[in-house]
Amino acid sequence: MQQFKILFFCFLFVPTVFMAQDSDFSNDVKDYLESNGSMQQYEYAYDQLMIMMEGRYPKNEGNKQGWAYLEENKTKALADIKNLMVPIYQANFTQGEIKQMAAFYKSEAGVLLITDRAKMTEAHKEELNTFYNSAVGQKIISKQEVLTTEISKVSEGWSRDLYETSMSLLKNG
């Protein structure tokens, strides 16, 4: 009976540990996507689509609910694309590598790389070169083609769905 209790405990506890690790890994990838500028690009894309839609379907009484939905849906849409990208990074990098990548993009050199490259000093450029010459940096370079292909597929699907949703909400409104 004691062995049964131990076995039962293991069946309950072990999946929880693996789910927690996976959740931590997912959160680390999401953190990386925030720090490397990816999510800012998707936010910009969402905003640009709304500008384009407003040019085609100006806000009026007929489409007011559609516009309200699209404006309220931005956070969810950005979370959706982030969740779609997590498995791509998990398949290509270890959790430790993702943490190193995020750490670089949170450094002063990484922030300037994303926000304003013109402000990078020689020291920042040296830090950038050191990062890309490291094992993680070399892995990023070697995975670039695969990442570009997989991220493009996910991004195109997300953009297409967002466009179609926007069209149906505003056109029929």
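These numbers were taken from a predicted model, which means no experiment stands behind them.

(A) Region of the structure containing the overall build of the chain. Secondary structure assignment for the chain yields 7 helices and 0 strands. Along the chain, helices and strands appear, N-terminal first, in the series α-α-α-α-α-α-α. Split into buried and exposed, the 173 residues of the chain put 35% on the buried side.

(B) Examining the pattern of salt bridges more closely. For the structure on display, the rule yields 11 salt bridges. A salt bridge links Lys106 to Asp31, with the nearest nitrogen and oxygen atoms 2.6 Å apart. Residue Lys106 is found in helix α4 (residues 95–106), and its partner Asp31 is found in helix α1 (residues 2–35); the two are separated by 75 residues along the sequence. Residues joined in a network through salt bridges with shared partners are Glu43, Asp47 and Lys74.

(C) Quick peek at the confidence of the model for the chain. Residues with a pLDDT of 70 or more make up 87% of the chain, whose mean pLDDT is 90. When mean pLDDT is taken per element in the chain, α4 scores highest with 98 and α1 scores lowest with 66. Low pLDDT, under 50, characterises residues 4–21; the predicted model gives this stretch 2 contacts beyond four residues in sequence or across chains.

(D) Spotlight on the environment of Met85. Tracing the chain through its elements places Met85 in helix α3 (residues 64–92). According to the relative accessible area criterion, Met85 is buried, its value standing at 1%. For Met85, the residues in contact, after removing those within four places along its chain, are Leu33, Ser38, Tyr42, Ile151 and Val154.

(E) Focus on the nonpolar core. Counting 41 residues, the largest nonpolar core has Tyr32, Tyr42, Met85, Tyr89, Ile98, Met101 and Trp158 as its most contacted members. Every element with two or more residues in this core is listed here: α1, α2 (38–56), α3, α4, α5 (108–115), α6 (122–133) and α7 (135–171). Setting aside chain neighbours within four positions, we find Met101 in contact with Tyr32, Phe93, Phe131, Val136 and Ile140.

(F) Representation of the packing of aromatic side chains in the model. In total, this model carries 7 aromatic pairs according to the counting rule given. Aromatic pair Tyr32 and Tyr89: ring centres 5.5 Å apart, planes at 65 degrees, arrangement edge-to-face. Of this pair, Tyr32 sits in helix α1 while Tyr89 is found in helix α3, placing the two residues 57 residues apart along the sequence. Assigned by exposure class, Tyr32 and Tyr89 land together as buried. Relative to Tyr105, the ring of Tyr32 lies with its centre 6.0 Å away and its plane at 65 degrees, an arrangement referred to as edge-to-face. With Tyr32 in helix α1 and Tyr105 in helix α4, this residue pair connects regions lying 73 residues apart in the sequence. The pair formed by Tyr32 and Tyr105 is uniform in burial state, with each residue classed as buried. One aromatic cluster is present, formed by Tyr32, Tyr89, Phe93, Phe104, Tyr105, Phe131 and Tyr132 through successive ring pairs.

The rules behind the values
- Residues numbered from 1 in each chain as written.
- Predicted model: local features only at pLDDT ≥ 70, side-chain atom pairs only at ≥ 80, totals over all residues.
- Heavy atoms only, no water.
- Helix = DSSP H or I, 4+ residues; strand = E, 2+ residues; numbered from the N terminus.
- Buried < 20%, exposed > 50% of the residue type's maximum accessible area, 1.4 Å probe, protein only.
- Salt bridge = Lys/Arg side-chain N within 4 Å of Asp/Glu carboxyl O.
- pLDDT = per-residue confidence, 0-100.
- Contact = heavy atoms within 4.5 Å.
- Core = buried A, V, L, I, M, F, W, Y, C linked by side-chain atoms within 4.5 Å.
- Phe/Tyr/Trp six-rings, centres within 6.5 Å; stacked < 30°, edge-to-face > 60°.

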